[in-house]
Every structure is written in structure tokens, then in C-alpha cells.
Amino acid sequence: ETVETLGLVRVYTKEPGESKPDQRPIIVKQGATVAQVAMRVHSDFANRFRYAKLTGPNARHQGERVGAGYAVRDRDVLEFHT
């Protein structure tokens, strides 16, 4: 089964200044927010979150700024800024 049929989303993270995202995705349920992904990475990320930069196939433009409430989509790449 694919992640879509299971209601899951693959989200990749990227360090600021790096060109490539981490190869291992964070798996979350469809409808999960950036804040929920940040919490999965580390609780400090969620507590000190300012914004994230979104790249990948779902971004309106590469490096689009998104807030904590943005609902992530499959294969989003997030770069967290605290």
C-alpha cells in the first residue's frame, strides 16, 4: 500500500544552508501541521519556532515561508527557523 492510501504524509527536513534534505522522512498523518512535525523533530523546535521555509513539489515558490499552522503535504521539505 502507498502512504496516500494509509492516510500518511512524508515530510523531509533540511538544515538551513544545506542544499539537500535529510534522506529519511518524518511520517505524519494527513492534515498534520508544521508545528506537529516540529514537535516530532524536537520539542525545542516547537517551543522556539518562528517560521519554516517550504520547498519541494507543493511549494508555490521554493523557499516559501510557512507558519506553524500550515498543513503539510506529501514530500514537503521543511527548513525550520527558531
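Computed from a predicted structure; not experimentally measured. Each residue is numbered by its place in its chain's sequence as written, counting from 1. The model is predicted, so local features are restricted to residues of pLDDT at least 70 and side-chain atom pairs to those at 80 or more, both for listing and for counting; the totals for chains, interfaces and linings are taken over all residues. Only hydrogens and water are set aside; all other atoms, that is, all heavy atoms of the structure, feed into the side-chain values.

Colleague: Explain the overall build of the protein here, please?
Modeller: Of regular secondary structure, the protein possesses 2 helices and 5 strands. Helix and strand labels come from DSSP, where a helix needs a run of H or I of at least four residues and a strand needs a run of E of at least two; each type is numbered from the N terminus. The secondary structure elements of the protein, listed N-terminal to C-terminal, are β-β-α-α-β-β-β. The globule rule puts the C-alpha radius of gyration for 82 residues at 12 Å, and the 12 Å found for the protein is close to it. Principal axes of the C-alpha set define a box for the protein whose edges measure 35 × 25 × 20 Å. Within the protein, the fraction of its 82 residues that count as buried is 38%. When the accessible surface of the protein is totalled, it reaches about 5,300 Å², and 47% of it is carbon and sulfur. Only four residue types enter the tally: Lys and Arg on the positive side, Asp and Glu on the negative side; His and the chain ends are excluded. Lysine's charge is taken at NZ, arginine's at CZ, aspartate's at CG and glutamate's at CD. For the protein, the centre of its 13 positive side-chain charges and the centre of its 10 negative side-chain charges are spaced 3 Å apart. Both definitions apply: the radius of gyration is a C-alpha atom measure, and the globule rule equals 2.2 Å times residues to the power 0.38. Residue exposure (1.4 Å probe, protein chains only): buried if accessible area is under 20% of the type maximum, exposed if over 50%, otherwise partly exposed. Under the convention used here, a 1.4 Å probe and the Shrake-Rupley method define accessible areas, while residue burial counts only the protein chains that appear.

Colleague: What's the story with the packing of aromatic side chains in this structure? I'm lost.
Modeller: For this analysis, a ring pair means two rings from Phe, Tyr or Trp (six-membered ring only for Trp) whose centres lie within 6.5 Å, classed as stacked if their planes differ by under 30 degrees, edge-to-face if by over 60, and tilted for the remaining angles. Enumeration according to the criterion identifies 1 aromatic pair in this entry. Between Phe49 and Phe80 the ring centres are 6.2 Å apart and the planes differ by 75°, which places this aromatic pair in the edge-to-face class. Of this pair, Phe49 sits in the loop between α2 (43-48) and β3 (51-55) while Phe80 sits in strand β5 (residues 76-81), and the two are 31 residues apart along the sequence. Of the two residues examined, Phe49 and Phe80, each falls in the buried class. The cationic tip of Arg65 hangs over the ring face of Tyr51; the distance from NZ or CZ to the ring centre is 3.7 Å. Note on criteria: charge over ring means Lys NZ or Arg CZ within 6 Å of the ring centre, with the direction from the centre no more than 35 degrees off the ring normal.

Colleague: It is not clear to me how the nonpolar core should be interpreted in this structure. Could you clarify?
Modeller: As a rule of thumb, nonpolar side chains are buried together in soluble globular proteins. In terms of nonpolar packing, the biggest core is built from 17 residues, with Val28, Val34, Val37, Val72, Leu78 and Phe80 touching the most fellow members. Counting residues per element, the ones that place at least two in this core are β1 (8-13), β2 (26-29), α1 (34-41), β3 and β5. A total of 3 residues in this core trace back to one element, the largest contributor, which is α1. In this structure, Phe80 is in contact with Thr13, Lys14, Pro16, Val34, Val37, Ala38, Val41, Phe45, Phe49, Tyr51 and Ala52, ignoring residues within four places of it in sequence. Buried residues of nine kinds, namely Ala, Val, Leu, Ile, Met, Phe, Trp, Tyr and Cys, make up a nonpolar core once their side-chain atoms join them within 4.5 Å. Only heavy atoms matter for contacts: two residues are in contact if any of them lie within 4.5 Å across the pair.

Colleague: Hey, could you run me through the pattern of salt bridges in this one?
Modeller: Side-chain pairs of opposite charge can arise where the charged atoms are in close proximity. What makes a salt bridge here is a side-chain nitrogen of Lys or Arg within 4 Å of a carboxyl oxygen of Asp or Glu, nothing more. On inspection of all chains with the given rule, the structure shows 3 salt bridges. Salt-bridge contacts for Glu79 lead to Lys14; the nearest nitrogen and oxygen are separated by 2.8 Å. Of this pair, Glu79 sits in strand β5 while Lys14 sits in the loop between β1 and β2, placing them 65 residues apart in sequence. Per residue, the accessibility class of Glu79 equals that of Lys14, and both read buried.

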